[in-house]
Each structure stands twice: as C-alpha cells, then as structure tokens.
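# Structure at a glance
Listed below, chain by chain, are the residues.
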Amino acid sequence: MASITLANVGKIYRGGNRAVEDLSLDIADGEFMVFVGPSGCGKTTALRMVAGLEDISEGTISIGDRVVNEVDPGKRDIAMVFQNYALYPHMSIFENMAFPLRARRVPKAEVRDKVERTAKLLGLTEFLPRKPRTLSGGQRQRVAMGRAIVREPQAFLMDEPLSNLDAKLRVQMRSEISNLQAELGVTTIYVTHDQVEAMTMGSRIAVMRKGVLQQQGDPQHVYERPVNMFVAAFIGSPGMNFFQACLRSDATGYSLELPGQTVPLPDDVVRERPALAGYVDRDLAVGLRPEHLTVASTGGPTMAGRVIRSEMLGAERLVHVSIEARPVLTDEVVEAAADVDPTTVAALADDSDERQVTLIVRASPSAHVESGAALQVGIVAPQLHFFDLESGDGIVA
Amino acid sequence: MKNRYTWRTFSREFIALILAAITLIPLYLLLVVALKPSKDLFTSAAVPPIPPQWGNFATAWENAGEGGLGNAMLSSAIITLGSVAFLVVLGSLCSWVLARRPGRLSNSLYILFLLGIILPFQLSIIPLYVGLRALGLVGTYAGMILLWTGVMMPLAVFLYTGFVRQLPPDYEEAARMDGAGTFRVFLRVVFPLLRPITGTVAILTGLFIWNDFFASLIFLSGTDHQTLPVAIYSFVGEYVTQWNFVFAAVVIALVPIVAFFIVAQRQMIRGFAGGIRG
C-alpha cells in the first residue's frame, strides 16, 4: 500500500483547453478519497493522470515516494475499475481475472490460486468459466473489482464504477465496495458525480468544479462548512436553499431584510462570522439546508411563507414553501442544480420572474401542513450560511 | 387459435420461392453445359444431356492451364490465403495505430489509403510490373502476395480503422493498467475484438483475389503458378472455345468456396452480427 500525492497538477489539452488546474492533494495510505463534481469538472481527468492514461501537463504525481509522471500505467502498480468495467468480452471470467497476473508472468499455479481465492472472496467462483456477457451488471462489476484486487496493487482507482447499475443495486454495491476497501486497506481514489455516493463512501471527499479543487475534507465537514456556494449547492440532497437578502444593522442588532419582511439575526450568528459586519446594507446570498428549516416555531427567527405542496417520503416529509425573496441564480448554483436535475434550472428561472423562492423544508412525517396555507417557517439560526453574491465565497471568518 | 397462415403469407412465400428458383437457373445451366458433349453445346442448351459426360470434369481437371486445375487451385489458395494473412495482420496493426493516435500525420496517411481505394490499380500495372521484375518477383507466389497485399491494403485499412474508431478504448487502457505491453495489448485484447471486421476484410479481399483474372494473367503467364481463372481461360481458344470444359472447370472451382461457406457459415454470420458485447 502507498500514499498518493498530487502536487500542483494541471492538464492542458492540445488546443489550450484546460481540464485540471493546480490540483494539490495528499491521499494517505489506506485512505478512501472520493473526487466528486458535475460532468466536465476534471475529476476523471485527474484520476486518469494518476493512472498514467493521460499525460501530466503541470506538477507531479507521486505514488509512495516515487514520482510517476513518466512511468507507464502498467508499472505504477495501481489497478483501475472502469465505468463500463472494460471486461475483455472474448475471455472467460477466470481469464479476465488472470490477465493482470499473466501480464506480470506470475507462475501458472499461483495465478490459479490467486484467482480462485479472489473469486471466493467476491462470490464469483461459479462464474469463473463463463463469459462476461452472460453475467448481470452487478456480477460484472464484481468481476471488475476482482481483476483489480487479484494482483494486490498499491492503490485502486475507480471511475464511476456504479453508474451503470440500477438504484437498488448501486446502494448494495456501495457498501460492498466500502467494506472491501476497509478490509483490504488499499489506498483508493474513487470518482463519482453522485454526491450521495461521495458522502457515504469517502473517508475524505474532494469537490471539483471546472478543473479546480473547491474544497476537500471529511464528508461531514464539507457538508456542514461549505467554502463556497457551489459546494453548498452541490453537496446535499435535497440541495441547500438559497435566497437573496440585504443585511441591516440598527440599535436592536442585525437582521435580514426581505421583500415585505425582516428576519432578525441572533447576535451569535454575527459574532461567529465577524466578516458579516462588512456586508451591512449590502445584498448577500443566504443558504439553509432543508433540515435547518422547520414548519413549527422553535423560538428562533421565522419567515412568512406559503405551502406549495408536501412530499411524504416515509421517514420524512419534504415541504415546499414559497417565500417572497429574490432567488440566487449565480453560475455556481445553476450548475450545481443542473447536475442534480436539469428541470430545476427552469424552476429557478421561474422563481426569478416571480420574485418568489421555493424553500424545501425537511419535516417529520407527522407534520401537519396543508397546501396553500400560510406558514411561519422556523430557522435554525446557527446553521445559517452566508455567501458573497459576486465571488460566491462563504462568509465565514 | 386464429390461423396465422394467410393468403398474404402464402403469396409472400410463393414469390420468395420463385426468386430463389431464378437464382438457381445459372447454376442449373452451369451444370447442364458442364455435362454436355462438345457436339451438343449449341443445341438445346437448357436440356440435360443423356448420357451426362462426367468425363468433362476429368478433362477439365487435367488439361486446364499449365499444370491442371489442381495445380491452379493450389496456386489460387496460396496466393489468396497468403495475401489475406498479410492484409489481416498488417491492416489491423496499421489501423489500430491510425485510429488511436489522432494527429495530422495519421490523418494524412489515412487519406492516402483512401485514395488507394478510389484509384483503379490497373492504372499502375506497368510500374508495378517493372518494380516486381526488378525485385525478381514476377511469376512467383511471393510477388503475387506482395502485389495483393499492397493493392488491397487501402480497403483493409479503411474497414479496420472505421471499426477500431468505434471500439471503446477502455479495453486497451484496462490492459495497459493490467501491465500488458503494446504487443500483448494488441494480440490478446485488440485483435480478438476485431474478429467481426477481420471476417469482413478476409471475405471481401479474399473473394477479389480468388476471382482476379487480370493481374494473374499479367504477372503469372507462362509459369506453373497460374491461378484458377487463368487456367479456366485456357479452354477459350482464338477460334474455338470448349465451353463444356470451361463450365466443368468453373464447377470444380466453385467447390472449395461452397464447402468453405457451408463449414464456416455459422461462425461467419456470428462474426458479422456479433459486434462487441461486454
């Protein structure tokens, strides 16, 4: 096993198109690192540079103590699981799993032994004589894992390995991969555009956008302390609610001014974010996760709104509440929203026309709300997020 | 249950049977003429001869060309199989590089190959003859194999390159990650994936070479390496053509092709239809 270090790594394609910019990351030995971001954010390119399948235009990549910029993919001692598994269709499952060992001239008896042991670990023994096309998606995925495991590499690279599976199987394979990685303790870089996958699997996640690393850290930290509006919008499902407000200050303290109402801010909120003082009388973006809004008053600040509809999901209820406010339609928010569901972009645009913002409130399934009814939405004030409207950066310090 | 065999189905089947019968007419005439005695050749061509002259086949077998039909068949087989083998090996390798290394040089080379398909090779027959003679290869198997490998390579490269471009590069990348060198990647991973198009290349180029008359006549005249079409042509005289022997020889020449098709048809159809399945 080995650590992987990316130092100021960049990728510029022929024609000047930049895919990755100044990416620096230290991935510790045995760590499960997830690169996450929308399509075209550079996460796969970064992974392929680690694999050796793309030339590195700038910076260095090290595996263990060895700089591997000029090392052939086959000599980096890392294994990769591809999005479409890339199982050799003309070979049996046994041959597929034996291929990396044979390429390294491992003695025949040892090849058989290792393949059979790995197949047993993954429950593939009965499929060994079969061809990949006779296997289901989940089984093929497992074979791809087997081919990676069998030669005991220093690191695993996985390029969206679950994206071809149906939702139920994806959940099952998610935990299988996590368990396997924990059991083997092999350093892993996992690429996905599914933030739920990233949150549940990674011991650390790196959020990327347009080739630039936005934030990295353990999933909980990134979720709770997003450094900018893109990370805030991209991580979390349903996503963070955003609206514009003007920060006011008077003798009674700080407040957020929205069309038709003023929301007082507890002193703690500003005290913990001293930079907010610089935004007095300026518009800023306010962000709130669905679970930090309530349909019943909690004694904290509230906002007046109207229930549009509520969705019962069994363990929780999502209440859509419309409030009068200006929506936040910066590139970051639109891009993050489009990645989750392209139709939400149109909904955001509608909000913009009507000067209405739809907030999603995560409520208990027993919460009683009626469509069309007026509602005072409670705010868990300490969990408020503030962002600069122009730069999109979080106002934290 | 409703009877599904309707008049419409019947008429479709009937038309299909008639079309099938029409395609058999030339074969019937081929056999009838091949079995006729020389004196009856131009009377009632469609009527089967009584008794059939089975000896025509023996005459055609022994007297065709310089060394008989057996020798011509062997020459055709050596030249065809040799050329196809080179076309498959070199064509697939060349196309793999052209398809996987995009750039100005490979694009230009690809266009050069395409020009080779457009230009009729008969235009270059004189320089080719001069070149082969300088190499001492006129009238030899090696010369013919070299000639056909060159002449048919543009078609092989065109077919292979189109196919490789459709092939996901993941298989090759996976093999490289697995530690395979370039040669192993090609031999163990890429080449087996090219099986469908290899079948197409082999059949298209093989049939063209097997049936060729012109190049064989030019480059193999007067040698005992004559191919089937040239050997069959030996029954065509300036004043008299022995059509019964020509037809008998054509029937014999058809046998290996038909036998090959019967033996290999399942694999061939699977190859054409199979494509790539992960």
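Residues numbered from 1 in each chain as written. Chains lettered and ligands numbered in written order. Predicted model: local features only at pLDDT ≥ 70, side-chain atom pairs only at ≥ 80, totals over all residues.

What chain A contains, in helices and strands, is 11 helices and 20 strands. Judged by the C-alpha coordinates and their principal axes, chain A covers about 80 × 45 × 35 Å. Counting over 397 residues, chain A shows a buried share of 43%. For chain A, contacts bridging at least 24 residues in sequence account for 71% of all contacts bridging at least 6. (Helix = DSSP H or I, 4+ residues; strand = E, 2+ residues; numbered from the N terminus. Buried ≥ 20, exposed ≤ 12 C-beta atoms within 10 Å, placed from the backbone. Contact = placed C-beta atoms within 7 Å.)

Residues and elements named next belong to chain A. Turning to its location among the elements, Ser249 is positioned in strand 11 (residues 241-250). For Ser249, a count of 15 C-beta atoms within 10 Å corresponds to the partly exposed category. Remark: the alpha-carbon pair of Ser249 and Pro238, spanning 11 residues in sequence, is separated by 32 Å. Ser249 has contacts with Tyr254 and Val280, leaving out every residue within four places of it along the chain.

Attention now goes to helix 6 (residues 141-166) of chain B. An α-helical turn contains 3.6 residues, so any two residues separated by three or four positions project in the same direction. Over its 26 residues, helix 6 of chain B runs 36 Å from end to end, which matches the ideal 38 Å to within 8%, given 1.5 Å per residue. Taken as a whole, helix 6 of chain B carries its principal kink of about 45 degrees at Met153(B); the proline Pro154(B) stands between one and four residues after it. (Expected span 1.5 Å × (residues − 1). Bend = angle between axes of the 7 residues up to and from the residue.)

Bringing the sheet that holds strand 17 (residues 317-324) of chain A into the picture now. Hydrogen bonds along the backbone pair up the strands of a sheet, which may run parallel or antiparallel. Residue and element names in this part refer to chain A. Ordered by their spatial adjacency, five strands build an open sheet running 15-19-16-17-18, and the pairing between neighbours is antiparallel. The open sheet has two edge strands, strand 15 (293-294) and strand 18 (356-363), and neither has a second partner. Sheet analysis places strand 16 (residues 302-312) next to strand 17, joined by seven bridges and oriented antiparallel. The residue of strand 17 that forms the bridge with Met312 is Arg317. (Pairing = 2+ DSSP bridges.)

A separate point is the environment of Ala155(A). All names here are of chain A. By secondary structure assignment, the location of Ala155 is in strand 7 (residues 155-159). In this structure Ala155 comes out as buried when scored by C-beta crowding, with 27 C-beta atoms within 10 Å. Considered as a pair, Ala155 and Leu87 are 68 residues apart in the sequence and their alpha carbons are 19 Å apart. What Ala155 contacts, discounting residues up to four positions off in sequence, is Ala2, Ile4, Ile63, Ile78, Val186, Thr187, Thr188 and Ile189.

Okay, the domain arrangement of chain B next. It is common to give the size of an interface as the accessible area that goes away when the parts come together. Residues and elements named next belong to chain B. Each assigned domain of chain B is listed with its residue range as follows: domain 1 (7-53) and domain 2 (58-277). With centres defined by C-alpha atoms, the gap from domain 1 to domain 2 works out at 32 Å. Taken together, the contact pairs seven residues of domain 1 with seven residues of domain 2. Grouping the amino acids of the side of domain 1 that touches domain 2 by side-chain chemistry returns five nonpolar, one polar and one charged. (Domains from an automatic or database assignment. Nonpolar A, V, L, I, M, F, W, Y, C, P; charged D, E, K, R; others polar.)

All right, on to the confidence of the model for chain B then. Put simply, chain B has an average pLDDT of 87, and 95% of its residues get 70 or more. What the predictor reports for the complex is a pTM of 0.82 with an ipTM of 0.82. (pLDDT = per-residue confidence, 0-100.)

Here the focus is unusual backbone geometry. All names here are of chain A. Residue Ser237 is joined to Pro238 through a cis peptide bond whose omega torsion reads -5 degrees. Structurally, Pro238 can be placed in the loop between helix 8 (229-234) and strand 11. A positive phi is found at Asp77, a non-glycine position, where the angle reads about 60 degrees. Structurally, the position occupied by Asp77 is in the loop between strand 5 (66-67) and strand 6 (78-81). Judged by the 18 C-beta atoms lying within 10 Å of it, Asp77 is partly exposed. Here Tyr85, not a glycine, exhibits a phi torsion of approximately 75 degrees, which is positive. Relative to the assigned elements, Tyr85 resides in the loop between strand 6 and helix 2 (93-103). Given 22 C-beta atoms within a 10 Å radius, Tyr85 is considered buried.

Residue and element names in this part refer to chain A. Reading across the sheet, the four strands line up as 2-1-4-5 and stay open at both edges, with antiparallel pairing between neighbours. Each of the sheet's edge strands pairs with one partner strand only, and the pair in question is strand 2 (18-27) and strand 5. Sheet topology note: the strand 4 (residues 58-63)/strand 5 ladder contains two bridges and is antiparallel. Paired with Ile63 across the bridge in strand 5 is Arg66.

Right, let's talk about the nonpolar core for a bit. Counting 175 residues, the largest nonpolar core has Leu157(A), Ile189(A) and Ala249(B) as the members making the most contacts within it. Ranked by residues supplied to this core, first place goes to helix 6 of chain B with 13 residues. Built from parts of two domains, this core gets at least three residues from each of domain 1 (7-53) and domain 2 (58-277) of chain B. Every residue in contact with Leu157(A), bar those within four places of it in the chain, is listed here: Leu47(A), Val50(A), Ala51(A), Ile78(A), Met80(A) and Ile189(A). (Core = buried A, V, L, I, M, F, W, Y, C linked by C-beta atoms within 7 Å.)

The subject of this paragraph is the packing of helix 2 of chain A against helix 4 (residues 137-149) of chain A. All names here are of chain A. For the pair helix 2 and helix 4, interaxial distance at closest approach is 7 Å and the crossing angle is 30 degrees. Here helix 4 runs roughly parallel to helix 2, going by the angle between their axes. Helix 2 and helix 4 meet at a crossing whose hand is right-handed. Contacts between helix 2 and helix 4 involve Ile93, Asn96, Met97, Phe99 and Pro100 from the former and Val143, Gly146 and Arg147 from the latter. Residues of the contact of helix 2 with helix 4, tallied by class, amount to five nonpolar, two polar and one charged. (Axes fitted to C-alpha atoms, helices over the stretch in contact; angles between N-to-C directions. Parallel < 35°, antiparallel > 145°, perpendicular 65-115°, else oblique. Left-handed = near helix turned anticlockwise from the far one by under 90°.)

What follows covers the interface of chain B and chain A. On the side of chain A, 20 residues touch chain B, which itself brings 17 residues to the contact. Of all elements in the fold, only helix 7 (170-177) and helix 8 (182-193) of chain B reach the threshold of two or more residues within the side of chain B that touches chain A. The element that contributes the greatest number of residues to the side of chain B that touches chain A is helix 7 of chain B, accounting for six residues.

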